[in-house]
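Listed below, chain by chain, are the residues.
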Amino acid sequence: MSYLNLTISELHALYVSGLTTPLNVVNEVIAALERDQNNILEQTMYEEARLFAASLKEVEVDNLLWGIPFLVKDNIATKGIETTASSNILNGYVSLFDAEIITKLKNQKAIPIAKTTMDELGMGGCGMTGHKGVTLNPYGKDNNRIVGGSSSGSASGVASGYVPFALASDTGDSIRKPASFAGLVGYKPTWGELSRHGLFAFMPTLDHLGFLTRSVFDVSLLYDLTKGYDVKDFTTNIQKSKNSVETLTTSLKGRKIAVIEPIFAKLTNETLLKEFNNLVAKMEAKGAKVSFVKFDELLLEAILPTYLILSCSEATASNANLTGVNFGNAKDGETYEDIVLNTRTEGFSKQIKYRFLLGNYSLRKDTRNNYYNRAQKARTLIVKAFNELFNEFDAVMLPAAPSHAPLINKEPEPNSEVENNYLAMANLGGFPSLTIPFALDKGLPLGVNLTGKAFNDALILNLGYQIEEITGLYNLHVGQR
Amino acid sequence: MKYEVIIGLEIHVETKTKTKMFSGASSVFDSPANTNVSVIDMAFPGTMPAVNKKAVENAIILAHALNMEIDHELHFDRKNYFYSDLPKGYQITQDRRPIGSNGYLDLVLEKGTKRVNIERLHMEEDTAKQIHLAEFTLIDYNRAGLPLVEIVTKPDIRTGEEAMAFVEAIREIVTFTNVSDGKMEEGSLRCDVNISLRPIGSDKFGTKVEVKNLNSISNIGKVIDAEIKRQSALLDAGKKVLSETRRYDESVKDTVLMRLKDDGVDYKYFPEGNIAPITLEKDYVAKVINMMPELPNIKKKRYLNEYKLNNHEVNIILQSKDLTLYFDEATNYTANYKTLINWVIGEVSAYLNKEGKTIKDIKLAPQNLAKLVNLVNDGKLSNAQAREVFNAIVMTNDDPEAKAKALNLVQVSDTDFILKVINEVIDENLNVIDDIKNGKDRAMGFLVGQVMKKTKGKVNPALASSLMKEEINKR
């Protein structure tokens, strides 16, 4: 019997019934990872995982994470394990500490099993810019489709059914876009709900940790078990927020959902439009009220440039520690300046240098008024407009991407369309944002996104769970049993 | 001189905390190199700053002492530049909203009181210490991330004397409030001087020169004198003063060029996104201020008004915070403040100087010094006897009264006993009595001397003298 392709609760049920053990499962996961053809792996933790699994003897009936293996995006610090954020500049860098979220999951007896590939330093949306090359989407029959990024290896691995969940991060849409392309549940909670301690910074006020799973229940469980104030992260929420699992089954009756008309109007994929309207009808039949609403189009168009300018600007500082002087893949040089120059010249890809240039230009004394400062103002306006919408509606609902996963050679980056990049609004506002699969288009998954008011995490997860009930697209994967 | 001197100071104070500004690494001075270092100080990926509450409280105390407005919310910013002493590639500081703004400090100078306005006071973190050797540079990260407070004055200072007085006043404040060691030689107090000249009567500022990292108060005066000389010579010769960063070179007793100021340096400040704004509740700020140690100027007032000490005495004792704390503690056990201050700045200080000790090194508790002072004031010990007792107990903290007895030093005030001895002496010297009665006062001294001799000096001479007079008159 195979223990792959199971959700957290399914695997837990097997442990409780005594049908298998964490060590059996870990061994099977390792075997599957070794057969992987999609280029999802950075450093593996097989020996550590086996030892940890072997130490888990008495099943903890009330602890659903007990013995559950998971994958970790490579920009999350893991003690004693090389952590590179898929950048050559960090080749050989071994973290001295675990990220807070790793500590929490280990304390729950969940088992980290391998690090996963990503777009270099999180700066990319296609899964093609990491130092290990292209990460593939398991749904692409001829190894020809992207899985999206930057959480590419985590998404591909969960879609392949190797593990029930993966840790990922999201600065623009890096969890929610790959989730759409890989038929997964991808969730980024409200900013400040999960400690970012140990997450390699890209832009602190846009960076979020989150999860990729194959069921809304699993993501809701993970959120409940890992959220909360952390003294090591001075941006975590001090107020204790509501748990989400208890309210998942609340019905859609009376829920008010907004579809942003100017974005929806740009969509052209017929299957996607048909299925989305279908979903709307079914939700209304269950008592939800779905409204197609107007929205300031200039603000929608401003989302991508605002995101790009701010994130590139602050990325220059977030990555200014990568000099090769204190750690990392240092190159030789006569002077401090030479070491830094050589290390950064050889360590970063062209894509990263392009972003740093953009960022430095945006922050420069003589140009910042037109770029960084203006983008900060735009951020305020965009967030204000969405908050006004959230005063009236429980959530904004839209397809998470205009189509299924693109072919490898068809993805320009950065792409400029509003409908392809609007998800970054949830980073600008720190909003809870969930992508779940809602249909298949010729065997390729399509995702729908729900985004709500900050700290309404339980509500967004409840809506997602209800939609999952409607679509029946639970535990989608391409793995073999 | 035909130029007006315009001086502004930037003072960095390393404030006292157990741990660093944003990490849990120890902040103990003088630890072996690179032993007080955490992953945060090294800027390892994924680390985040955690604000040190004590460092914030130190900044609140200083801002209050400098009569500043204290911001009700803490905001931090990133100051971006690459340098080998800066692991993160940026320094966390407060650019947009310093914790303190618009303050002042009144300096008491010989010519009167001078108010120096203070523009801002902000918190930031220190950089690593670099030791440049011929072939390579060593970096000590113990200093990286230590909490600093930077105080920036308005260009209100006009002379070297004022500048020195200002730094001295800051030093006094930070040490008395226990906010910092305030040691310029160890770098816990650092001063940069901005100085420019302009023709007297002009209202336009001249070109400013910055002199960095002065390591003593007297050097501040020397730097200013040297710069006034250098800049006036340039101006006299019709030359321009260049915008420069200079340093003081002890060996040539002059400032030397470090670098030309480059207005192109752009630190690209932006808000520190890893620290959410922190609200400083009014009650909390009030509590911090309420708990702070007494400021030197308030202490001074108390000494003058409550204890009726004179200016000379107060100025001397205020030079040492520890001495004032010792004095303050002793005042709980004696009301003889005058005698007490004379002992503290006299006998005690002399002893410390002679032995090369500080007040913390001696064993004698303030309570026992007070007791000793009371023995003197009550006439139970003469000053000479008290000195002997002091020397015997300063490193033992024995009870002064018991020690005096053990040394056989107690002055006898028992009148019956004294009268008995006096009458003995009179009987033995009846011839002298006649001399005294005939007005030979000198003979009186001889008789008292005899009494002292018989009692081995234990009798209060004044008392013996007056009793002697009475007894002779009876005869």
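Just so we're clear, the structure is a prediction, and the values are computed from it rather than from any experiment.

Trainee: Just to check I follow, could you spell out the overall build of chain B for this structure?
Mentor: Helices and strands together make up the secondary structure of chain B, namely 15 helices and 16 strands. Radius of gyration (C-alpha) of chain B: 31 Å, far over the 23 Å computed for a compact globule of 475 residues. Dimensions of chain B, computed from C-alpha atoms along their principal axes, come out at roughly 100 × 55 × 50 Å. Taken across its 475 residues, chain B has 38% of its residues classed as buried.

Trainee: Looking at this structure, how should I read the overall build of chain A?
Mentor: When its secondary structure is counted, chain A shows 16 helices and 11 strands. For 481 residues, the compact-globule estimate of 2.2 N^0.38 gives 23 Å, and the C-alpha radius of gyration of chain A, at 21 Å, lies within 12% of that figure. Taken along its principal axes, the extent of the C-alpha atoms in chain A is 70 × 55 × 50 Å.

Trainee: What is the right way to look at the domain arrangement of chain B in this model?
Mentor: When the parts of a complex come together, some accessible area is lost, and that lost area is often used as the size of the interface. Domain annotation for chain B reports domain 1 (3–279), domain 2 (294–406) and domain 3 (415–474). The centre of domain 1 of chain B, based on its C-alpha atoms, is set 71 Å off from the matching centre of domain 3 of chain B.

Trainee: Help me understand the nonpolar core, please; the structure alone is not making it clear to me.
Mentor: Nonpolar side chains tend toward joint burial in soluble globular proteins. In this structure, V29(A), F70(A), I113(A) and L212(A) are the most contacted members of the largest nonpolar core, which totals 143 residues. In terms of residues, this core owes the most to one element, helix α10 (residues 297–318) of chain A, which gives 10 residues. A63(B), I99(B), F176(B) and V193(B) belong to the second-largest nonpolar core, a separate cluster that totals 59 residues.

Trainee: Honestly, the sheet that holds strand β15 (residues 270–271) of chain B in this entry has me stumped. Any pointers?
Mentor: The strand order across the open sheet formed by 3 strands is β5-β4-β15 (chain B), and the pairing between neighbours is antiparallel. Each having just a single partner strand, β5 (90–93) and β15 of chain B make up the two edges of the open sheet.

Trainee: Mind showing me how you'd approach the packing of helix α8 (residues 337–355) of chain B against helix α9 (residues 366–377) of chain B here?
Mentor: The description of two helices packed together rests on the angle between their axes and the distance between the axes. Residue and element names in this part refer to chain B. Where α8 meets α9, the closest approach of the two axes is 10 Å, and the angle between their N-to-C directions is 120°. Relative to α9, α8 is oriented oblique. Judged by the twist between their axes, the crossing of α8 over α9 is right-handed. Residues T339, L340 and W343 of α8 lie in contact with α9, whose contacting residues are L369, A370, V373, V376 and N377. Taken together, the residues that form the contact of α8 with α9 break down as 6 nonpolar, 2 polar and no charged.

Trainee: Can you walk me through the sheet that holds strand β6 (residues 100–109) of chain B in this structure?
Mentor: Residues and elements named next belong to chain B. Reading across from one edge, β2-β6-β7-β10-β1-β11-β12-β13-β14 is the order of the 9 strands in this open sheet, with mixed pairing throughout. Each edge of the sheet is formed by a strand with only one pairing partner; in this case those strands are β2 (69–70) and β14 (254–260). Summarising the sheet, strand β1 (residues 3–14) and strand β11 (residues 189–199) pair through 11 bridges and their orientation is antiparallel. Each bridged residue has a counterpart across the sheet, and for E4 the counterpart in β11 is R198. Its contacts with the sheet place helix α1 (residues 53–65) against β2, β6, β7 (112–125) and β10 (147–153), and it is angled at close to 165° to β7. On the sheet, helix α3 (residues 217–236) packs against β1, β11, β12 (209–214), β13 (244–249) and β14 and is oriented at approximately 25° with respect to β11.

Trainee: Whenever I open this one, the packing of α10(A) against helix α13 (residues 372–392) of chain A confuses me. Can you help?
Mentor: Residues and elements named next belong to chain A. Close contact between α10 and α13 brings their axes to 9 Å; oriented N to C, the two are set at 130°. Relative to α13, the element α10 is oriented oblique. At the point where α10 passes α13, the crossing takes the left-handed sense. On α13, the residues touching L299, A302, I303, T306, I309, L310 and S313 of α10 are Y372, A375, Q376, A378, R379, L381, I382 and A385. Broken down by class, the residue content of the contact of α10 with α13 amounts to 11 nonpolar, 3 polar and 1 charged.

Trainee: So what exactly am I meant to see when it comes to the interface of chain A and chain B here?
Mentor: On the side of chain B, 25 residues touch chain A, which itself brings 33 residues to the contact. Put simply, the parts of the chain that give the side of chain A that touches chain B at least two residues each are α10 and α11 (336–347) of chain A. In terms of residues, the side of chain A that touches chain B owes the most to one element, α10(A), which gives 3 residues. Tallied by class, the residues present in the side of chain A that touches chain B amount to 18 nonpolar, 9 polar and 6 charged.

Trainee: What is the right way to read the confidence of the model for chain B from this model?
Mentor: It should be kept in mind that the predicted coordinates are not to be read in detail where pLDDT is low. Residues with a pLDDT of 70 or more make up 99% of chain B, whose mean pLDDT is 92. The ipTM for the predicted assembly is 0.95, set against a pTM of 0.90.

Trainee: Which parts of the structure should I look at to understand helix α2 (residues 160–176) of chain B?
Mentor: With 17 residues, α2(B) should reach 24 Å at 1.5 Å per residue; the first-to-last C-alpha distance of 24 Å fits that figure. Of the residues trailing α2(B), N178(B) is marked for its positive phi of about 65°.

Trainee: I would appreciate a short explanation of the pairing of β11(B) in the present structure.
Mentor: The side chains of a regular strand alternate between both faces of the sheet. Where β11(B) meets β12(B), 4 bridges bridge the pair, whose relative direction is antiparallel. Across the sheet, residue V193(B) finds its bridge partner in β12(B), namely V211(B).

Trainee: Would you mind going over the environment of F390(A) with me for this structure?
Mentor: Residues and elements named next belong to chain A. Within the element layout of this structure, F390 appears in helix α13. Note on F390: 19 C-beta atoms within 10 Å, which makes it partly exposed. With 132 residues separating them along the chain, F390 and A258 place their C-alpha atoms 8.9 Å apart. Beyond its immediate sequence surroundings of up to four residues, F390 is in contact with G452 and K453.

Trainee: How should helix α4 (residues 100–107) of chain A be read in this particular structure?
Mentor: Each full turn of the α-helix corresponds to 3.6 residues, which orients residues three or four apart in the same direction. Residue and element names in this part refer to chain A. Taken as a whole, α4 has its buried residues at E100, I101, I102, K104 and L105. Of the surrounding elements, those touching the buried residues of α4 are β2 (69–73), β3 (111–116), β4 (165–170), β6 (208–213) and α7 (216–226). K109 lies just past α4 and shows a positive phi near 75°.

Criteria and thresholds
Residues numbered from 1 in each chain as written. Chains lettered and ligands numbered in written order. Predicted model: local features only at pLDDT ≥ 70, side-chain atom pairs only at ≥ 80, totals over all residues. Helix = DSSP H or I, 4+ residues; strand = E, 2+ residues; numbered from the N terminus. Rg over C-alpha atoms; globule rule 2.2 N^0.38 Å. Buried ≥ 20, exposed ≤ 12 C-beta atoms within 10 Å, placed from the backbone. Domains from an automatic or database assignment. Core = buried A, V, L, I, M, F, W, Y, C linked by C-beta atoms within 7 Å. Pairing = 2+ DSSP bridges. Axes fitted to C-alpha atoms, helices over the stretch in contact; angles between N-to-C directions. Parallel < 35°, antiparallel > 145°, perpendicular 65-115°, else oblique. Left-handed = near helix turned anticlockwise from the far one by under 90°. Contact = placed C-beta atoms within 7 Å. Nonpolar A, V, L, I, M, F, W, Y, C, P; charged D, E, K, R; others polar. pLDDT = per-residue confidence, 0-100. Expected span 1.5 Å × (residues − 1).

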